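Chains, contacts and geometry: an overview
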Amino acid sequence: MTRVPQRAPFITFEGGEGAGKTTQTRLLADRLAAIGIACVVTREPGGSPFAEEVRALLLSGHLPPRGPMAEALLFLAARVDHVAETIMPALEAGQWVISDRFADSTFAYQGAAGGVPRATLAGLHHLVLGDFRPDLTLILDLPPEIGLARAGARGQSAVDRFESRELAYHEALRQGFLAIAAEEPQRCAVIEASGSPEDVAARAWRIVEARLLSKVG
Ligand code: TMP
C-alpha cells in the first residue's frame, strides 16, 4: 500500500495530451482546501522561475528539435530546480503539493515514445533526485484520438511542439504511462479520463481518500 511519509504528501497527475490534468489538479486542490488542507499547486515543465524559463525554451517551438536525450536532460534540469526551490520546501513545511506532471512524463514522452532507454532515465533520475518520488500518482487515461481532439479544441495556440506529433507517438505514450502504473501499483492509480471533469474528479477523490486521507487521519 501507499507509503505515508513524515513530510506532507506529494501527489502528481500524469497523462497524455488533453487528458484533463490541469483541470483535475485544480479540482483536487479545491476539494482538499474544502476539508482544510491547503495545497501548493505546481506544474512541469516549470514550477520555479528557472524551470519556467526552460519550459518556454522547450515548448515554444523556436528551438530546432535536439532529440529525446537532450530533451530529457533539459526536463531533468528543470525538475531538479523545481524540486529544490518549490516542492521540497513546501513538503518539509508540512504543505501538500500537487504537480501537473512530474518524472513519469519523461519516462513516457522521452522514454516509451521517444526511445531513450528506461534504465538510462532511471539512472539519471537516481543520480540527481535519489529516491525522491511522488507518494501518489494519478494517471489520467484516455484514447489518444479523444485527447488530441480535446487539446485541439483549446485552439491552435495551445498546440505545442509535443502535441503536434502523430497518433502512433501518442499511442506509445499512453502505453508508456500504463506500463509505469503496472510496474508501480502501490504509487500509481489509473483513472479513466472520459466523462465530465466532475466525474473524473470524483474518481480521483476516491483514490486520494483511500490511499492518503485514511492514513493521515
Ligand atoms: P503540458 O501539456 O502538461 O503543459 O506539458 C507540456 C508538454 O511537455 C507536454 O506535451 C508533455 C511534455 N513533457 C515531456 O515531453 N517530458 C517531460 O518530462 C514533461 C514534464 C513534459
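From a predicted model like this one, the values you see are computed outputs, not experimental measurements.

Attention shifts here to the packing of aromatic side chains. Scanning the model with the defined rule gives 5 aromatic pairs in all. Ring geometry for Phe 10 against Phe 132: centres 5.4 Å apart, planes inclined by 15°, an arrangement best described as stacked. Linking Phe 10 in strand β1 (residues 10-15) with Phe 132 in the loop between α5 (118-129) and β4 (136-141), this pair joins segments that are 122 residues apart in sequence. Take Phe 10 and Phe 132: they sit in the same class, and that class is buried. Each ring, one from Phe 102 and one from Phe 132, has its centre 6.1 Å from the other, and the planes form 85°; the classification is edge-to-face. In this pair, Phe 102 sits in the loop between β3 (96-100) and α4 (103-113) while Phe 132 sits in the loop between α5 and β4, placing the two residues 30 residues apart along the sequence. Phe 132 sits in the buried class, given a relative accessible area of 14%.

Let us look at the pattern of salt bridges. For side chains of opposite charge, pairing can occur when their charged atoms come near one another. All told, the structure shown has 9 salt bridges when counted by the stated rule. A salt bridge links Asp 100 to Lys 21; the nearest nitrogen and oxygen atoms lie 3.3 Å apart. Taken together, the positions of Asp 100 in strand β3 and Lys 21 in helix α1 (residues 21-34) put the pair 79 residues apart, joining distant regions of the chain. Accessibility expressed as a relative area gives 9% for Lys 21, which makes it buried. Glu 44 serves as the salt-bridge partner of Arg 79, at 2.7 Å between the closest nitrogen and oxygen. Here Arg 79, found in helix α3 (residues 68-92), pairs with Glu 44, found in the loop between β2 (39-43) and α2 (49-59); they are 35 residues apart in sequence, far enough to count as distant. It is possible to trace a salt-bridge network through shared partners that takes in Asp 104, Arg 133, Glu 184 and Arg 187.

This part takes up the sheet that holds β4. Read from one edge of the open sheet, 5 strands run β2-β3-β1-β4-β5, paired in parallel fashion. Each of the sheet's edge strands pairs with one partner strand only, and the pair in question is β2 and β5 (188-192). Averaged over all neighbouring strand pairs, the angle between strand axes comes to 20°, with direction disregarded. As defined by bridge partners, β1 adjoins β4 across 5 bridges and the pair is classed as parallel. Note that in β4 the partner of Ile 11 across the bridge is Leu 136.

A separate point is the nonpolar core. In this structure, Leu 28, Leu 32, Ile 87, Trp 96, Phe 102, Leu 138 and Val 208 are the most contacted members of the largest nonpolar core, which totals 36 residues. Within the residue set of this core, elements represented by two or more residues are β1, α1, β2, α3, β3, β4, β5 and α8 (197-216). With 7 residues, the top contributor of residues to this core is α8. If you look at the next biggest cluster of nonpolar residues, it comprises 14 residues, including Phe 107, Ala 113, Leu 121 and Tyr 169.

So, about the pairing of β3. Buried residues dominate β3, accounting for 5 of its 5 residues. Where burial is concerned, the two faces of β3 agree: the one with Trp 96, Ile 98 and Asp 100 and the one with Val 97 and Ser 99 are both buried. For β1 and β3, the ladder comprises 4 bridges, and the chain directions are parallel. Directly across from Thr 12, in β3, lies its bridge partner Ser 99. With 5 bridges joining them, β2 and β3 adopt parallel strand pairing. Bridged to Val 41 within β3 is Ile 98.

Reading the values: the criteria
- Residues numbered from 1 in each chain as written.
- Predicted model: local features only at pLDDT ≥ 70, side-chain atom pairs only at ≥ 80, totals over all residues.
- Heavy atoms only, no water.
- Phe/Tyr/Trp six-rings, centres within 6.5 Å; stacked < 30°, edge-to-face > 60°.
- Helix = DSSP H or I, 4+ residues; strand = E, 2+ residues; numbered from the N terminus.
- Buried < 20%, exposed > 50% of the residue type's maximum accessible area, 1.4 Å probe, protein only.
- Salt bridge = Lys/Arg side-chain N within 4 Å of Asp/Glu carboxyl O.
- Pairing = 2+ DSSP bridges.
- Axes fitted to C-alpha atoms, helices over the stretch in contact; angles between N-to-C directions.
- Core = buried A, V, L, I, M, F, W, Y, C linked by side-chain atoms within 4.5 Å.

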